[in-house]
There are 2 protein chains.
Amino acid sequence: MIASLKDLAQRPAPWLVGEAPDRDIVLSSRVRLARNVEGRHFAHTAGESTLDELRERVLAATGRVGGLVGATVLNMEDLAELDRRFLLERHLISVDLVRNLPGRCLVVSDDEAEGIMVNEEDHLRIQTLRTGLDPLGALKGALRLAEELEAEVPFAFDERLGYLTACPTNVGTGLRASVLLHLPGLAQTGDIERVLNSLRRLNYTVRGFYGEGSGVIGSLYQVSNSVTLGPSEDDIVQELLRHTRQVIAAERKARRYLMESEEVGLSDRVWRAHGVLSHARLLSTKEAFERLSDVRLGSGLGILPGVDESMLNMLLISVQSAHLQIVAEASLDAPARDEVRARYVRDQLAIAHTRKDER
Amino acid sequence: MIASLKDLAQRPAPWLVGEAPDRDIVLSSRVRLARNVEGRHFAHTAGESTLDELRERVLAATGRVGGLVGATVLNMEDLAELDRRFLLERHLISVDLVRNLPGRCLVVSDDEAEGIMVNEEDHLRIQTLRTGLDPLGALKGALRLAEELEAEVPFAFDERLGYLTACPTNVGTGLRASVLLHLPGLAQTGDIERVLNSLRRLNYTVRGFYGEGSGVIGSLYQVSNSVTLGPSEDDIVQELLRHTRQVIAAERKARRYLMESEEVGLSDRVWRAHGVLSHARLLSTKEAFERLSDVRLGSGLGILPGVDESMLNMLLISVQSAHLQIVAEASLDAPARDEVRARYVRDQLAIAHTRKDER
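Position numbers for residues count from 1 along each chain, tracking the sequence in the order it is written. Lettering of chains starts at A and numbering of ligands starts at 1, both following the order in which they are written. Under the rules for a predicted model, residues below a pLDDT of 70 receive no local features and side-chain atom pairs below 80 are neither given nor counted, while totals for whole chains, interfaces and linings still include all residues. Values shown for side chains rest on all heavy atoms present in the structure; no hydrogens or waters enter the calculation.

### Topic: the overall build of chain A
Link 1 in the chain: The helix and strand labels rest on DSSP assignments: H or I over at least four residues marks a helix, E over at least two residues marks a strand, and numbering proceeds from the N terminus. Scanning chain A from terminus to terminus reveals 13 helices and 10 strands.
Link 2 in the chain: When we talk radius of gyration, it's over C-alpha atoms, and the globule rule is simply 2.2 Å times the number of residues to the 0.38. A globule of 359 residues ought to have a C-alpha radius of gyration of about 21 Å, and chain A, at 21 Å, matches this closely.
Link 3 in the chain: Along the longest, intermediate and shortest principal axes, the C-alpha atoms of chain A span 65 × 45 × 35 Å.
Link 4 in the chain: Two residues qualify as a contact provided that any one of their heavy atoms is within 4.5 Å of a heavy atom in the partner residue. Excluding contacts between residues fewer than 6 apart, the proportion of contacts in chain A whose partners are at least 24 apart in sequence is 71%.
Link 5 in the chain: With residues, only the protein chains shown are counted as cover, and all accessible areas are computed by Shrake-Rupley using a 1.4 Å probe. Working note: accessible area of chain A is about 14500 Å², and carbon and sulfur atoms make up 49% of it.
Link 6 in the chain: Taken as two groups, the 44 positive and 53 negative side-chain charges of chain A have centres that lie 4 Å from each other. His is not counted, nor are the chain ends; Lys and Arg add positive charge and Asp and Glu add negative charge. A single reference atom marks each charge: NZ on Lys, CZ on Arg, CG on Asp, CD on Glu.

Following this line, the structure appears as structure tokens:
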């Protein structure tokens, strides 16, 4: 069980730390499966009593599912808006669950890697997160959860279409697989739009860090499949993996080019970013992301040796406004947040620096 | 004797270091006395042979003057252009001596506090420099030198007008006294123009750090008298002292106001400046000056305790282009200078930091 949101806020999201394949470019991989309980209205047309009943059934089922025994249940109705925004920042719930409360809840494992959103667009949104480039691992986890749940709750399924979903774009596999990419090299060389456009032509959706509708910040991009009907789950994820590897290769090439053609300028940008993060007394979210992106690039290129990538990933999550306020146990206005954010980033970099010196 | 310009370049200008009155706002005080040898054409109408003869006479006289025994003589003809620009950056010669070579020379004491430019606009420009707010000390030194020299060389003097000079604006006392002020507080509150305009109305000349015609950089201002005829030397300097004290009071008030009304914003600016200076890999002269100005303000306000003001003052001189090239013993293009400058500033700040830790 997760003791409190504050405990969560003070620790790194486990799916952003540790060793993993290509983690200098791929922060994490994510899979979600949309499922609906057979014979019930979809969530957007269901009344509150149906939503409540659905929640009870799903929660009863999750209690019997191996991967979710001891998981934490968070009812949206019981949470303050700040708490819900915190879960959104932490990539555990969607904007939908921040806004719509009755009957909605999150089931989440202690390591935050497995979870279910109940009564989001679909009755169940089974979700798994993995560090680095590991969408197959995420898929495996999600399918296992889905299978175990299906043994407890019958899912709406059509022989011809596959799993039925509230929105036709998810019908079939109900699968969305995504990777969170850090592409500062391509952003700097100006090749980013070309690369993203070829992904779009391949029917991938490209978004900023915060998901749907969010602008790009810190050269962080979420790439996900949009086709769910036709190919198998495995095919969809294998394709995503293949195309992601091409993007990784392009990003590596861009970084090599930058190191060869403008090493000093790049080094200047990276070191200045570190200087700002370790010295500023006021720091907006946007600037924090941009400078963390620069430092993360420098770390990946060996310009800033000894800067811990896990710590940088953690900061990308924990510098966000709701995180800061949950930790501070106070509602803070924008200038106060900028001040708290700056202090937090300085402290974390100083801790990392001390740890490095002790090695 | 000064062994080499490189030795000079690698040490702080002595008149910018050490304890002195109001040194957080007044970097240095300076006096120059214009004198001409009786019965000779002014330098701008004198032929080369006359200039040579004048130089011989002045140098013979300086050899017998107590304050200049063992002083170094630098003939402009013998110096490379880079060397002359170095002396300009170091405030030892004027642009005139960078451009015009024959018969021109500099006599300078080991501590760089006393000197004579020979055959600049006037045959002799006796100059003294003192740390902090000490124009009376500078005047005393200059008058003593002038008196000793006058015993050796008769100066052009008119009973009614006083000392005769090549330009009528200097006639009488031939005195220009100036103070080098750091006014970031007034610059930040926006009161600077009001303060400078009242100085201008009182017939003071206000210039940037590099003297005549130079733009203001790093909130550094040179304020000097323009009236030389009428009042006594002592009156001129006492008036400058009095008005400078008013400017100091206004700057202190501005700093107090900023600390009260926007301490966090100010602190952010100061710390960021320190972050940039200690991390950047490329640094232009302009940015170095601006950030050194911020750090210097922070040091004066106690925001950045332990940053050595003498070191900051030294950097204001030694980050300049000719200084960097003299130390590097190489001609460097602008990007190379920016790189060398960044490294130099980082090294100096790191040395200061180490020293502080050792205390």
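### Description of the relation of the copies chain A and chain B
Link 1 in the chain: The operation relating chain A to chain B is a screw motion whose rotation component is 180°, with 0.0 Å of axial translation and a residual RMSD of 0.0 Å. Both copies are brought into coincidence by an operation consistent with a two-fold rotation axis. Residues of chain A ranked by C-alpha distance from the rotation axis are headed by G275 of chain A, positioned 2.1 Å from it.
Link 2 in the chain: Here 100% of the interface residues in chain A have copies in chain B that are interface residues too; the copies meet face to matching face. When the copies are overlaid, the least-squares fit takes in C-alpha atoms only where the residue has pLDDT of at least 70 in both copies.

### Side note on the domain arrangement of chain A
Residues and elements named next belong to chain A.
Link 1 in the chain: Segmentation of the chain into domains, including their bounds, is taken from an automatic or database domain assignment. In terms of domains, chain A is made up of domain 1 (5-256) and domain 2 (262-358).
Link 2 in the chain: Computed over C-alpha atoms, the centres of domain 1 and domain 2 are 26 Å apart.
Link 3 in the chain: Contact with domain 1, which involves 30 residues of that partner, is made by 26 residues of domain 2.
Link 4 in the chain: A simple way to read buried area is as the amount of 1.4 Å-probe accessible surface that goes missing from two parts once joined, with both sides added. When domain 1 packs against domain 2, close to 2600 Å² is buried across both sides, 61% of that on carbon and sulfur atoms.
Link 5 in the chain: The closest approach of N and O atoms between E329 and K6, which form a salt bridge, is 2.4 Å. Counted as salt bridges are all cases of a side-chain nitrogen of Lys or Arg within 4 Å of a carboxyl oxygen of Asp or Glu.

### Some words on the sheet that holds strand 2 (residues 72-75) of chain B
Residue and element names in this part refer to chain B.
Link 1 in the chain: With respect to topology, eight strands assemble into an open sheet ordered 2-3-4-5-1-8-10-9, the strand pairing being antiparallel. Where the open sheet ends on each side, the last strands, each with one partner, are strand 2 and strand 9 (204-207). With strand direction ignored, the average angle separating the axes of adjacent strands in the sheet is 20°.
Link 2 in the chain: All axes are obtained by fitting lines to C-alpha atoms, using only the stretch in contact for helices, and the reported angles, taken between N-to-C directions, cover 0 to 180 degrees. Along the sheet, helix 7 (residues 192-201) makes contact with strand 9 and strand 10 (220-225), crossing strand 9 at roughly 140°. DSSP-based pairing: two strands are paired if at least 2 bridges between them are found.

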